[in-house]
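# Fold and contact review
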Amino acid sequence: MSKIAFIVEGKKTEKVVIKSFMDNFMNSNNFNELDIEEIVLPMETNIYTLYKKMKEYDFFEDLDIINIIEEVFRSKGKSFEGYKKDTFGEIYLFLITIGTQMM
């Protein structure tokens, strides 16, 4: 089974949006036959916390986004369930803004 990680800021709205995205994407592109599990990893913090952590690493050499997310989770006292970079076939970072106008 292929796993896809969706790294998001929040816990509630983002999960609903990701589920809708996956339902529509899978249905519209005939991917229903594929054995894919989507895993939503809510950081429960703003995207800038992740950015600051990423800046501590060499983006081209040392960057392991899953290790960085694990650090953010642990700093908040949350369990990360033992995920590693190799757990996921694809990793997406979502910043979802609802009800705001971006300029």
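Rules of the game
Residues numbered from 1 in each chain as written. Predicted model: local features only at pLDDT ≥ 70, side-chain atom pairs only at ≥ 80, totals over all residues. Heavy atoms only, no water. Salt bridge = Lys/Arg side-chain N within 4 Å of Asp/Glu carboxyl O. Helix = DSSP H or I, 4+ residues; strand = E, 2+ residues; numbered from the N terminus. Buried < 20%, exposed > 50% of the residue type's maximum accessible area, 1.4 Å probe, protein only. Axes fitted to C-alpha atoms, helices over the stretch in contact; angles between N-to-C directions. Parallel < 35°, antiparallel > 145°, perpendicular 65-115°, else oblique. Left-handed = near helix turned anticlockwise from the far one by under 90°. Contact = heavy atoms within 4.5 Å. Nonpolar A, V, L, I, M, F, W, Y, C, P; charged D, E, K, R; others polar. Pairing = 2+ DSSP bridges.

## A word on the pattern of salt bridges
Taken as a whole, this structure holds six salt bridges when the rule is applied. A salt bridge links Glu71 to Lys53; its shortest N-O distance comes to 3.0 Å. Here Glu71 is found in helix 3 (residues 65-75), whereas its partner Lys53 is found in helix 2 (residues 47-55), with 18 residues between them in sequence. A relative accessible area of 27% means that Glu71 is categorised as partly exposed. Across the salt bridge formed by Glu70 and Lys84, the nearest N and O atoms sit 3.7 Å from each other. Remark: Lys84 occurs in the loop between helix 3 and strand 3 (90-93) and Glu70 occurs in helix 3; sequence separation between them is 14 residues. Judged by relative accessible area, which is 9%, Glu70 ranks as buried. A relative accessible area of 42% places Lys84 in the partly exposed class.

## Comments concerning the packing of helix 2 against helix 3
Where helix 2 contacts helix 3, the two axes come as close as 10 Å, and the packing angle between them is 120°. In terms of their interaxial angle, helix 2 and helix 3 are classed as oblique. Viewed along their axes, helix 2 and helix 3 form a crossing whose handedness is right-handed. Residues Thr49, Leu50, Lys53 and Met54 of helix 2 touch helix 3, and the partners they reach there are Ile65, Ile68, Ile69, Glu71 and Val72. Along the lines of polarity and charge, the residues of the contact of helix 2 with helix 3 split into six nonpolar, one polar and two charged.

## Considering the pairing of strand 1 (residues 2-8)
Most of strand 1 is tucked away, with five of its seven residues classed as buried. Strand direction decides the pairing type here: strand 1 and strand 2 (residues 36-42), joined by seven bridges, are parallel. Counted as the bridge partner of Phe6 is Val40 from strand 2. As paired elements, strand 1 and strand 3 share four bridges and run parallel to each other.

## Overview of the environment of Glu37
Looking at where Glu37 falls in the secondary structure, it is placed in strand 2. Overall, Glu37 belongs to the partly exposed group, its relative accessible area being 31%. For the pair Glu37 and Lys3, spaced 34 residues apart in sequence, the C-alpha to C-alpha distance is 4.8 Å.

## Some remarks on the environment of Met22
As for its placement among the helices and strands, Met22 is situated in helix 1 (residues 13-28). Counting along the chain gives 16 residues from Met22 to Glu38, while the straight-line C-alpha distance between them is 8.1 Å.

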